[in-house]
Every structure is written in structure tokens, then in C-alpha cells.
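# Coordinate inspection notes
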Amino acid sequence: MSLSYDFYYLLRTQVELDNGIQSEPSRFLTADKPSLRQVGIPIDDDKRLFRSETFVESSQTGLPAQWLVQFKQSWEQVQRSYREHFAKDGVSEAQANEFCSQALLGVALLIADAQLDSYTITMPLQGSSAADHVVFKPGRDLLGVIHQLPKDSDAARMPAPARFARFESVRRRKFVHWQLRLDAAIPHLAPMDMTNDTPIPHFAANPVFAIYGLAHGELPEAEDWPQQLQAFLLGGEDAVLVRVLPRLLIRQWQFSRMDSVASLVRQYLREQSSHFNQAPLPCLSSKDLSLGLQTLAGLDAETTLLLGKLQQAIKTIEIHQRNLTLRLQEADQHSAQWAVVWQRNQETPLLDSFDADQQKLQNHITYIEGELTYLEGIRRRWHFHFEGRQLVWTERLGSLGSILAFMVAVGVASITASTLSQSDKFTGNSWLSPLVQWLDGLLTMPWVTDFIRLLNNPLVYLFLVLVFLFPIGWHFGKAVVRKIRCCCRRWKRKPTRGNSL
């Protein structure tokens, strides 16, 4: 047996920290000969890939018990490399460690052995039980590598194609996306971290963990093709798997975060739709209606932003799928000795996961847009009810204002008329004098005098105010009665302690 395994660490070259944007050490960019183990190799200009030293266990048929310790030590070596180069740029050790923890996208464990069928990898899982863990076993083959030589060549051939497979979790419970925690003494998996201070959750740096296997059959020491296969698959920055693994990690990282967010948002939108749809609008105050409308508007804005992020995630996965396809095609064209088989009977196992992830995120978008349409209908109903209530109150207050203004005008006019009737008569000499004398004559009539005295009585104004305020008071009274009925109905619906669920 020839068991060996490596850890591949994929990090971003730039992250946003509390003190601003932090980029990777400048000496990483100016390195003469970038290597996977020293300063990593650039991936797509915004990511960097590191590889640990190769651990060889020729006497065993599986990973040794201390592989998690070696896992943590390899990560510390990557951090040490960042700290040493950051120190030359004047960056503190704490900032360097923070950069590494925020920049890490994921880690891939690559196991190489003759066969993989009997492998079982156990990863600790954060939970209530210390014995809780996740078990990974070899799953579907993603691609194969065939050794092809000219017919007249007498060189030794690889007896069987090499196979590259993905290890899959065998947990039967509801599928959950996990992040990798490297800040503990022993690396383990844990639920993804997210912020709960907004209706739409936002995920922080959540590095993913993946296990892949390379089954290459027996490797005879006397032949040359094992070394050539090693160089073709894992040798340098142009090796096939060195370019394949980052694409797979980015796909998993992008999908797991957005799938988790979208699932939580869909559940939250359903809860909000049920809450706002069942709300008794007549029982709500105008303030509650206003706050509800603001909540619905904010929820629509936040969800629209999420839809944009989902579209970006789909596009990112599509781009990496296309880049991976191009890389596989280049490997076939530039290598006459090795052929990469990644399509079988119109099937592309390596790319199927990219298609499935894009389709699932697109399904999330469809369902979220449906929930938003439903919420928009609820918002319109709330808005119509709120506007109707405001219109009623505005109309009543406007009518009351007009009546009071009319009464004040009549009162002022009557007081003025009474004052004029008691003042000395003044006879002018103009074309209006006959009209004035006729009106002065009317003021001397008994019924006119009694009417003016009636309007000057405060009890008359009090009676008129009560009469005109009666419709508004009646409307206000109905609102109070409705509020009491709503409170009684809510009290009756409240379950007792013995019947609470």
C-alpha cells in the first residue's frame, strides 16, 4: 500500500477587517518562484492556494489517529508564513492571524492510495455530545486519468486508470452545511456562524472542509510512470488537481453559505407572511399600522438585496464551472501521455455538482420572489386600510374645522352688529346711505334684536358645539368599543398554561 495525504488551503488575497481593507503580504506577489508550500500559488488573481507537506503512512491502510494534529500543525505553518511576511510590511502578529482566519475559504484533504473503497474518515462535530462526529466515505468518481502511450512503445503502462473521487457525508439526518473550525486544539466541524441583528442573516467567514481521494492502483518503484503521474496530477501550479481543487472548494463555499441563507430567509418570509396576513387590521392602532408598513418595506428591501447576492453566487459558480472545463480541456490537449476522462455517456460527474448548485439557488430565487409577491399583496391591503382610516379622520376633522370657523364668524358678526346697534347713529351722505339706513332699521325690529341676543348667549354655542361634535364622538366611541372587543378576542385566544404547546 502507498498511502499519502495532503491538506490544501485556499485563502483570499484581500479581506475587510475592522481597520479597513487588508491585502496579503506584498512579498507574496513579488516571489520569484511561488511554491505551494512556501508562499502559495495565485488562483484567479484574488485567491492563493497552499499545500501542506505530504504525509506518508506506508504501513497502514487508513489515516493515522494523529491526522487531525497534523492538520492543525499544517495550518499553523501557513499562518507562520503569513506572519513572517506580514512582519516585513509592519503588520502585527494579531492582525496577521486575524487576516488568515478571515481569508480562509476552505481546506481540502486529498488522500492518495491504491484503493479507496474501505476508507472511512471521521471528523469531530461541535455539539452537545463529545462523541458526536461526521463520517465521510468515498462517493462518486469525478474523473479518471488514463495512461496512453504509442503502440510501438515498450515503456510500462499504468495497469488501470487512476480515479479521483469525492468523499461524502453519511449522516442521515436533515442536511446541514458545516464550517471548519481551526481555532480549537483539534480541528472540527461546526454550524455556520451568522449575524441575527437583521431580518436577513449575513454569514461571516465560514471556511468549508472537503475530502477527496485519488485511487491510483499499485505503484511499482522500478517504473517511471508513478512519478510522471504524480507530476501530471499534483506536481506544480499547472498540475490538474492543483487547478481542480480550488474550483471545487469555491463552489462548495459559495453554495453552502448562500443555500443556508436562502433557506433561513424563506422560512422567515413564510413566518412574516403568516403574521401580517392574520393580523386584525381594525384592531390595530394607526401607529401599529405605520410600523407594520415600515417593517414590510424594510423586509422587501433586504430581500431584494439577497436576491442580488443569489444571482451573483449563481454567476460565480457558473464562471468557475467554465474555468474548470477549460482547464480540463487544456490538460487533454497538452499531454500526450495522460488523458483526463471527465465525461462518460453524456454525463459529467465533476461538473454535475456545479449545475445542481446553480439550479438549487435558482429555485431559492423563484420561491423567494413568490414570497415577496405574497408580501406585496399583504402590504397593499395594510396600506389601503391605513389610508382609508387616515382619510376618514382627515375628512371629519376638516368638516369640524369648517363648522367651527363658520360659528366663530357668525359670533363675531353678531357681536359687531350688537355693538353697532347700541352706538350713536351716524348719518352719512353717499350712495350707500339708503342701504345703511334700511339695515339700521332692521336692527330695531324686535325679532332681529332677540336673534342677536340669542347668538350672544354662550349656552347656544355650547349646544351647537355638542351637536357638531356628536358624529366625531360617535366615531371615536365606536373605535373604543372595537378596541375593547379586540382585546377580549385576543384574551380568549390566548391559551391557558395547561394547554400551551
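Residues numbered from 1 in each chain as written. Predicted model: local features only at pLDDT ≥ 70, side-chain atom pairs only at ≥ 80, totals over all residues. Heavy atoms only, no water.

## Quick word on the overall build of the protein
Secondary structure summary: the protein contains 10 helices and 16 strands in total. When the 501 residues of the protein are sorted by exposure, 40% land in the buried category. Considering only intrachain contacts with a sequence separation of at least 6, the fraction spanning at least 24 residues in the protein is 77%. (Helix = DSSP H or I, 4+ residues; strand = E, 2+ residues; numbered from the N terminus. Buried < 20%, exposed > 50% of the residue type's maximum accessible area, 1.4 Å probe, protein only. Contact = heavy atoms within 4.5 Å.)

## Notes on the environment of Val 107
Structurally, Val 107 is set in strand β7 (residues 104-113). Val 107 gets classed as buried once you look at its relative accessible area, which sits at 0%. Each C-alpha atom, one on Val 107 and one on Ile 211, is 8.6 Å from the other, the two residues being 104 residues apart in sequence. Beyond its immediate chain neighbours, meaning those up to four positions away, Val 107 contacts Phe 7, Tyr 8, Tyr 9, Phe 71, Leu 180, Leu 182, Val 208, Phe 209, Ala 210 and Leu 249.

## A few points about the nonpolar core
Membership of the largest hydrophobic core comes to 73 residues, with the highest contact counts inside it found for Phe 164, Tyr 212, Leu 233, Val 244, Leu 310, Leu 328 and Trp 382. For this core, the element with the highest residue contribution is helix α5 (residues 240-278), accounting for 16 residues. Beyond its immediate stretch of four places on either side in the chain, Leu 328 contacts Leu 143, Val 240, Val 244, Val 340, Trp 342 and Leu 350. Judged by nonpolar contacts, the second largest core, of 43 residues, contains Leu 3, Cys 100, Ile 121 and Leu 125. (Core = buried A, V, L, I, M, F, W, Y, C linked by side-chain atoms within 4.5 Å.)

## Quick word on the packing of helix α4 (residues 225-235) against α5
Between α4 and α5, the shortest axis-to-axis distance is 4 Å and the interhelical angle comes to 30 degrees. Classed by the angle they form, the pair α4 and α5 counts as roughly parallel. Contacts from Phe 232, Leu 233 and Leu 234 of α4 reach α5 at Val 240, Leu 241 and Val 242. A per-class count over the contact of α4 with α5 returns six nonpolar, no polar and no charged. (Axes fitted to C-alpha atoms, helices over the stretch in contact; angles between N-to-C directions. Parallel < 35°, antiparallel > 145°, perpendicular 65-115°, else oblique. Nonpolar A, V, L, I, M, F, W, Y, C, P; charged D, E, K, R; others polar.)

## Notes on helix α3 (residues 93-103)
Among the residues of α3, Ala 96, Phe 99, Cys 100 and Ala 103 are the ones counted as buried. Mapping the buried residues of α3 onto a view down its axis gives an arc of 95 degrees, with all of them on the same face. On its buried face, α3 sits against β1 (3-12), β2 (14-17), β3 (20-23), α2 (67-88) and β7. (Arc of directions from axis to C-beta.)

## Quick look at the environment of Cys 487
Secondary-structure assignment places Cys 487 in helix α10 (residues 458-493). Here the alpha-carbon distance between Cys 487 and Cys 283, two residues 204 residues apart in the chain, equals 8.2 Å.

## Some points on a nonpolar patch on the surface
On the surface, Trp 431, Leu 432, Leu 435, Val 436, Trp 438 and Leu 439 cluster together to form a nonpolar patch covering roughly 680 Å² of accessible area. Among the structural elements, Leu 439 can be located in helix α8 (residues 433-443). (Patch = residues over 30% accessible without salt bridge, like charges linked within 9 Å, V, L, I, M, F, W, Y side chains within 5 Å. Areas by Shrake-Rupley, 256 points an atom, 1.4 Å probe, with all protein chains shown as cover. Salt bridge = Lys/Arg side-chain N within 4 Å of Asp/Glu carboxyl O.)

## Section: the side chain of Ser 256
As for its position among the elements, Ser 256 is in helix α5. In this structure the side chain of Ser 256 is engaged in a polar contact, spanning 2.8 Å, whose partner is the backbone oxygen of Gln 252. In contact with Ser 256, other than residues within four places in its own chain, are His 177, Met 192 and Val 208. (Polar contact = N/O pair within 3.5 Å; in protein donor to acceptor, adjacent residues only side chain to side chain.)

## As for the packing of aromatic side chains
Using the criterion set out here, one finds 19 aromatic pairs in the structure. Plain terms: the ring middles of Tyr 9 and Phe 71 are 6.3 Å apart, the flat faces sit at 40 degrees to each other, and that makes the pair tilted. Taken as a pair, Tyr 9 in strand β1 and Phe 71 in helix α2 lie far apart in primary sequence, 62 residues in all. Pair check on accessibility: Tyr 9 and Phe 71 agree, each one buried. (Phe/Tyr/Trp six-rings, centres within 6.5 Å; stacked < 30°, edge-to-face > 60°.)

## Notes on the confidence of the model for the protein
Of all residues in the protein, 80% have pLDDT values of 70 or greater, and the mean over the chain is 81. Taken together, the stretch residues 496-501 has pLDDT below 50 and engages in one contact with residues farther than four places along the chain or on a different chain. (pLDDT = per-residue confidence, 0-100.)

## Details of the packing of α5 against helix α6 (residues 286-334)
Packing of α5 against α6 leaves a shortest axis separation of 9 Å and a crossing angle of 160 degrees. Here α5 is positioned roughly antiparallel relative to α6, judged by the angle of their axes. In terms of crossing hand, the pair formed by α5 and α6 is left-handed. Within the contact of α5 with α6, the residues separate by chemical class into 20 nonpolar, eight polar and five charged. (Left-handed = near helix turned anticlockwise from the far one by under 90°.)

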